[in-house]
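Single-letter residue listing:
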Amino acid sequence: MMEIKESQQGGIGDVGYYLPKAFLGRPTLDGRPNQMSRVTPYYKDMDAMKGIGVESLPKVARLAIPYEGAPIIVDIYKRQNKAGMTDYFVAGDDFTEPYAKHDMLRPLEAIREAVALNVAADVLIQMGEIKPDFIFMSDWQSGLLWAYLEESVNEPDALLRRVRVEVPGPGLVEFSLPAG
């Protein structure tokens, strides 16, 4: 999970943007080309992101994530960018602008945003949409990723098992995550 050019915010954004590009330019040890995917928030009120036109991109899934009695609803969109990477945008009412829900000023809202982003990345992996050999996380907000993945493998009542996943198709198609 990392930032993209449209959402760069300082040094960690530079690493999150340029590191994948460097990997794309290098072959793997067995000579195969690298493939890169990024999962990033779609900040709907951020001027640089408005030009992406996320609503016109293919929708991968809609998630309803259980959270304090009212689900967090996010849509995940997919873009193949010019550098050859696949970007997955996590869009929803919780994602307005970077740091709009700063962890020191509005911690409960920042946690809600972090939960939504981590669950979305984990669901993409569980669906087989992303098949990572390794995972790079560019900031503290992505730290729940490992906990959710580990829990999803071992716990029958894990959070990921309670996420409602709808995928595009004729009518409503629900995806069930694999059993642990």
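Reading the values: rules and limits
- Residues numbered from 1 in each chain as written.
- Predicted model: local features only at pLDDT ≥ 70, side-chain atom pairs only at ≥ 80, totals over all residues.
- Heavy atoms only, no water.
- Helix = DSSP H or I, 4+ residues; strand = E, 2+ residues; numbered from the N terminus.
- Buried < 20%, exposed > 50% of the residue type's maximum accessible area, 1.4 Å probe, protein only.
- Areas by Shrake-Rupley, 256 points an atom, 1.4 Å probe, with all protein chains shown as cover.
- Core = buried A, V, L, I, M, F, W, Y, C linked by side-chain atoms within 4.5 Å.
- Contact = heavy atoms within 4.5 Å.
- Salt bridge = Lys/Arg side-chain N within 4 Å of Asp/Glu carboxyl O.
- pLDDT = per-residue confidence, 0-100.
- Phe/Tyr/Trp six-rings, centres within 6.5 Å; stacked < 30°, edge-to-face > 60°.

Right, let's get into the overall build of the chain. The number of helices and strands found in the chain is five helices and six strands. Going from N to C terminus, the chain has its helices and strands arranged as α-β-α-β-β-β-α-α-α-β-β. A burial count over the chain gives 42% of its 180 residues as buried. Of the roughly 9800 Å² that the chain leaves accessible, carbon and sulfur atoms contribute 54%.

Val39, Leu63, Ile65, Val74, Phe89 and Val119 are the most contacted members of the largest nonpolar core, which totals 37 residues. Among the secondary structure elements, those contributing two or more residues to this core are strand 2 (59–65), strand 3 (72–80), strand 4 (86–91), helix 3 (107–127), helix 5 (159–162) and strand 5 (164–167). In terms of residues, this core owes the most to one element, helix 3, which gives eight residues. Leaving out residues up to four positions away in the same chain, Ile65 has contacts with Ala70, Pro71, Ile72, Val74, Val115, Ala116, Val119 and Val163.

What follows covers the pattern of salt bridges. If charged atoms from side chains of opposite charge come close, those side chains can pair. For the structure shown, the criterion picks out nine salt bridges. The partner of Lys59 in a salt bridge is Asp75, with the nearest N and O atoms 3.5 Å apart. Within this pair, whereas Lys59 is found in strand 2, its partner Asp75 is found in strand 3, the two being separated by 16 residues in sequence. We classify Lys59 as partly exposed; its relative accessible area is 35%. Between Arg62 and Asp75 there is a salt bridge; the shortest N-O distance is 2.7 Å.

Of all residues in the chain, 76% attain a pLDDT of 70 or more, and the chain-wide mean is 79. No element of the chain has a lower mean pLDDT than strand 6 (residues 173–175), which averages 61, and none a higher one than strand 3, which averages 96.

Turning our eyes to something else, we now look at the packing of aromatic side chains. Here the structure, examined in full by the defined rule, presents two aromatic pairs. Ring centres of Tyr42 and Phe89 lie 6.2 Å apart, and the angle between their planes is 85°; on these two criteria the pair is classed as edge-to-face. On the criterion of sequence distance, the pair formed by Tyr42 in the loop between strand 1 (37–41) and helix 2 (47–50) and Phe89 in strand 4 is long-range, its members being 47 residues apart. Overall, the relative accessible area of 5% leaves Tyr42 in the buried class. Between Tyr43 and Phe95 the ring centres are 6.4 Å apart and the planes differ by 65°, which places this aromatic pair in the edge-to-face class. Of the two residues, Tyr43 is situated in the loop between strand 1 and helix 2 and Phe95 in the loop between strand 4 and helix 3; the sequence distance between them amounts to 52 residues. Note on Tyr43: relative accessible area 10%, which makes it buried. On the accessibility criterion, Phe95 (0% relative accessible area) is buried.

The next thing to look at is the environment of Leu149. Within the element layout of this structure, Leu149 appears in helix 4 (residues 144–154). If we ignore the near neighbours within four places in the chain, the residues touching Leu149 are Asp122, Ile125, Gln126 and Ile135.

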